[in-house]
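Survey of secondary and tertiary structure
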Amino acid sequence: PFWQYLERRGPASPLLGGAFGAPCRTKPVDRELVLGATLFGIGWGVCGVCPGPVWVLVGAVPSAEVAVVVAGLLAGMGIWRLRQRCLAEPAAAAAPTEASKDLQAAEVGDINEGEKVIV
C-alpha cells in the first residue's frame, strides 16, 4: 500500500534526502530473497524482538539477553557486508580500468608520440 500511495502521489523524496527505492517489479522472487526472508523470520522468532525496536531495548531494558541480540544483529550485518565485498571484488578485478587500458596500449605501441600515459 505504501508504494502504491507513492506512485499515485508522484515523485517524492525522503525527508533526509536521497530517493525512495521501490522494489523492482521485473525481478522474480529468487533463492537469495527467500533465504534472506527465512533467516530474518527465524531470527525474529528466536529473539522475539523486531530488529528496529531492538535499539530501544538497549536503552530501556539493558540486559545480557539484549546484548546477545544486538551482537547477533551486528554480526549478521557484518557477514552480509563481507559477502557483498567478496562478490564485488571478482567483478571489479575483471573490468579493465582506464589506467590498465593505457598501459596495454603503451606496451603494444598504439600511443602516438607526444601523448602522455599516466599510470
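Located above this text is the structure these notes cover.
All values reported here derive from a predicted model rather than from experimental measurement.

Things to note about the nonpolar core
- One finds Val 49, Val 54, Val 66, Val 69 and Val 70 forming the largest nonpolar core, which totals 5 residues.
- Per-element accounting of this core gives the leading share, 3 residues, to helix H4 (residues 64-94).

Concerning the packing of aromatic side chains
- Summed over the entire model, instances satisfying the criterion amount to 1 aromatic pair.
- Pairing Phe 40 with Trp 44 gives two aromatic rings, centres 5.5 Å apart and planes at 80°, and the pair type is edge-to-face. Residue Phe 40 and its partner Trp 44 are both found in helix H2 (residues 31-47); the two are separated by 4 residues, about one turn of the helix.

Thoughts on a nonpolar patch on the surface
- Together, Trp 55, Val 58, Leu 74 and Met 77 make up a nonpolar patch on the protein surface, roughly 380 Å² of accessible area in all.
- Elements that contribute at least two residues to the nonpolar patch include exactly helix H3 (54-60) and H4.
- Considering the arrangement of structural elements, one finds Val 58 in helix H3.
- Look at Val 58 and you get partly exposed, because its relative accessible area is 38%.

Regarding H2
- Spanning 17 residues, H2 covers 24 Å between terminal C-alpha atoms, matching the ideal 24 Å at 1.5 Å per step.
- Of the residues flanking the end of H2, it is Gly 48, one or two places downstream, whose phi is positive at about 75°.

How each quantity is defined
Residues numbered from 1 in each chain as written. Predicted model: local features only at pLDDT ≥ 70, side-chain atom pairs only at ≥ 80, totals over all residues. Heavy atoms only, no water. Core = buried A, V, L, I, M, F, W, Y, C linked by side-chain atoms within 4.5 Å. Buried < 20%, exposed > 50% of the residue type's maximum accessible area, 1.4 Å probe, protein only. Helix = DSSP H or I, 4+ residues; strand = E, 2+ residues; numbered from the N terminus. Phe/Tyr/Trp six-rings, centres within 6.5 Å; stacked < 30°, edge-to-face > 60°. Patch = residues over 30% accessible without salt bridge, like charges linked within 9 Å, V, L, I, M, F, W, Y side chains within 5 Å. Areas by Shrake-Rupley, 256 points an atom, 1.4 Å probe, with all protein chains shown as cover. Salt bridge = Lys/Arg side-chain N within 4 Å of Asp/Glu carboxyl O. Expected span 1.5 Å × (residues − 1).

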